[in-house]
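Listed below, chain by chain, are the residues.
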Amino acid sequence: MPDFQKQTVQWFPGHMARTRRKIKESLPLVDAVVEIVDARIPESSRNPELDEITSGKPRIILLNKSDIADQSATDAWMNHFKNNGAFVLAVDCKSGRGLNHFVPLAREALKERIAANEAKGMAGRPLRLMVVGIPNTGKSSFINRMSSKSKLQVANRPGVTRQNQWVVCGDGIELLDTPGVLWPKFEDPAVGNKLAFIGSVKDDIMDVETIAVRLLDILKTDYTDRLAERYKLGPEIADLESWEVLEAIGRKRGMLLRGNEVDTERAANTLLTEYRGGKLGKITLERPKG
């Protein structure tokens, strides 16, 4: 049996440290912080350092990619974040779904700032918001949707945005974009795994078959029916080892090498691509604790 337990995800390029410093330096320039997280892993896709770095600023959390997340889990996460003092919105930045509620929510979050500006004779002063988030959660897609110019580069891989930049939007909103920033290490290996599942760390950081097998550890337990339906497998997959399920997927898809051996690397890439693209249905990999 292959050993898929030894590898761990640890990735902290030098530009991440610089991004953290830039966030601290730019914080006095903004009125609030917009944090974009992946609705499929709302806790694991948050940078825990941001709470300390951006303390004192109102926080708006966008649960992006909610179109491919479990709706009941998204509702639970929205309540969780609201109960912890954040303003929350479930959106899909790629299609724009839900973003029509963003400006009213931002004004609600900053109503005290708006009132203070009016008292100082500065009515109409633009609201300046910093957009933060780990790589590949959809920051550039969000800003492009909010801006009529749509000049930001967007790609389905981490590390595209490398420097802070201002984008002037309509409705009196200005957004400060920042590069995606992870944190120095993942204390919980499960967090690193989940980030690898959604593509927030590059696939070449860890063996793709290892990532796929660990994803299957979750899917074959929590979403057995979805997995069986997508790959035309029987319900007995719940009793198989995850690497056996990966082989079954490859065999069902005809991904065979010489000697009738399954091309598990190809099967792993297929599973990850289809999971990330929502082809397996609406799946959330974690729920609020308590």
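Keep in mind the model is a prediction, meaning the values are calculated, not measured.

Here is what the cut-offs are and how they apply
- Residues numbered from 1 in each chain as written.
- Predicted model: local features only at pLDDT ≥ 70, side-chain atom pairs only at ≥ 80, totals over all residues.
- Heavy atoms only, no water.
- Helix = DSSP H or I, 4+ residues; strand = E, 2+ residues; numbered from the N terminus.
- Buried < 20%, exposed > 50% of the residue type's maximum accessible area, 1.4 Å probe, protein only.
- Contact = heavy atoms within 4.5 Å.
- Areas by Shrake-Rupley, 256 points an atom, 1.4 Å probe, with all protein chains shown as cover.
- Pairing = 2+ DSSP bridges.
- Axes fitted to C-alpha atoms, helices over the stretch in contact; angles between N-to-C directions.
- Salt bridge = Lys/Arg side-chain N within 4 Å of Asp/Glu carboxyl O.
- Expected span 1.5 Å × (residues − 1).
- Core = buried A, V, L, I, M, F, W, Y, C linked by side-chain atoms within 4.5 Å.
- Parallel < 35°, antiparallel > 145°, perpendicular 65-115°, else oblique.
- Nonpolar A, V, L, I, M, F, W, Y, C, P; charged D, E, K, R; others polar.
- Polar contact = N/O pair within 3.5 Å; in protein donor to acceptor, adjacent residues only side chain to side chain.

A.B. asks: Quick rundown of the overall build of the chain? Include the residues and the values.
C.D. replies: When its secondary structure is counted, the chain shows 11 helices and 6 strands. By the burial criterion, 53% of the 290 residues in the chain qualify as buried. In the chain, the share of contacts with a sequence separation of at least 24, taken over all contacts with a separation of at least 6, comes to 68%. When the accessible area of the chain is evaluated, it comes to approximately 14000 Å², of which 46% is carbon and sulfur surface.

A.B. asks: Now, about the sheet that holds strand β5 (residues 165-168): what can you tell me, with residues and values included?
C.D. replies: Reading across the sheet, the 6 strands line up as β3-β2-β1-β4-β6-β5 and stay open at both edges, with mixed pairing between neighbours. Strand pairing shows two members of the sheet lacking a second neighbour, β3 (87-90) and β5, which therefore form its edges. In this sheet, neighbouring strand axes are inclined to one another by 25° on average, regardless of whether the strands run parallel or antiparallel. Of the pairings in the sheet, the one linking strand β4 (residues 127-132) to strand β6 (residues 173-177) comprises 5 bridges and is parallel in character. Residue M130 lies in a different strand from β6, and its bridge partner there is L176. Strands β1 (32-38), β2 (59-64), β3, β4 and β6 of the sheet are contacted by helix α4 (residues 102-109), whose axis makes an angle of about 170° with β3.

A.B. asks: Please provide a residue-by-residue account of the side chain of T74, values included.
C.D. replies: Secondary-structure assignment places T74 in helix α3 (residues 71-83). Judged by its relative accessible area of 2%, T74 falls in the buried class. Excluding residues that lie within four positions of it along the chain, T74 makes contacts with A39, L63, A69 and A90.

A.B. asks: Break down the pattern of salt bridges for me, with residues and values.
C.D. replies: If charged atoms from side chains of opposite charge come close, those side chains can pair. According to the stated counting rule, one finds 14 salt bridges in the structure shown. Ionic pairing is found between R128 and E174, a salt bridge with its closest N-O pair at 3.1 Å. With R128 in strand β4 and E174 in strand β6, the pair connects residues that are 46 residues apart, well separated along the chain. The buried category is assigned to E174, whose relative accessible area is 16%. Where salt bridges share partners, they join E35, R46, D51 and R59 into one cluster.

A.B. asks: Quick rundown of helix α11 (residues 264-276)? Include the residues and the values.
C.D. replies: Note that an α-helix has 3.6 residues per turn; residues three or four places apart therefore point the same way. Look at α11: 18 Å from first C-alpha to last across 13 residues, which is about the 18 Å you get at 1.5 Å a residue. Taken together, the buried positions of α11 are occupied by T264, A267, A268, T270, L271, L272, E274 and Y275. At its buried positions, α11 is contacted by α7 (189-198), α8 (208-222), α9 (224-231) and α10 (242-252). Looking at the residues trailing α11, positive phi occurs at G278, about 80°.

A.B. asks: Give a detailed account of the pairing of β1, specifying residues and quantitative values.
C.D. replies: For β1, the tally of buried residues reaches 7 of 7 residues, placing the bulk of the element in the interior. Alternating residues of β1 divide into A32, V34, I36 and D38 and V33, E35 and V37, and every residue in both groups is buried. When β1 meets β2, the two strands line up parallel, connected through 6 bridges. Paired with V33 across the bridge in β2 is R59.

A.B. asks: Quick one: what's the story with the nonpolar core, residue by residue and with numbers?
C.D. replies: Formed by 35 residues in total, the largest nonpolar core has its most connected members in L215, L219, L227, L271 and L285. The biggest single contributor to this core is α8, with 8 residues. Not counting chain neighbours up to four residues away, the residues in contact with L215 comprise F197, L271, L272, Y275 and L285. Among the nonpolar cores identified, the runner-up in size contains 25 residues, and A32, A109, V167 and I173 belong to it.

A.B. asks: Describe the packing of α7 against α8, and please don't skip the residues or the numbers.
C.D. replies: Between α7 and α8, whose axes approach to 10 Å, the crossing angle comes to 105°. As far as their axial angle goes, α8 and α7 are roughly perpendicular. On the side of α7, the interface is formed by N193, A196 and F197, while α8 contributes I211, R214, L215 and I218. A class-by-class count of the residues in the contact of α7 with α8 yields 5 nonpolar, 1 polar and 1 charged.

A.B. asks: How would you summarise the environment of R40 if you had to cite specific residues and measurements?
C.D. replies: Considering the arrangement of structural elements, one finds R40 in the loop between β1 and α2 (49-53). For R40, a relative accessible area of 1% corresponds to the buried category. Each C-alpha atom of the pair R40 and R276 lies 9.9 Å from the other, and the pair is 236 residues apart in sequence. For R40, the contacting residues outside a window of four places in its chain are K65, I68, A69, I198, Y275, R276, I283, T284, L285 and E286. Among the polar contacts listed, one links the side chain of R40 to the side chain of D38, at a separation of 2.7 Å.

A.B. asks: Describe unusual backbone geometry, and please don't skip the residues or the numbers.
C.D. replies: Phi is positive for K65, close to 60°, though the residue is something other than glycine. One non-glycine residue, N260, lies in the positive phi region at around 65°. Relative to the elements of secondary structure, N260 occurs in the loop between α10 and α11.

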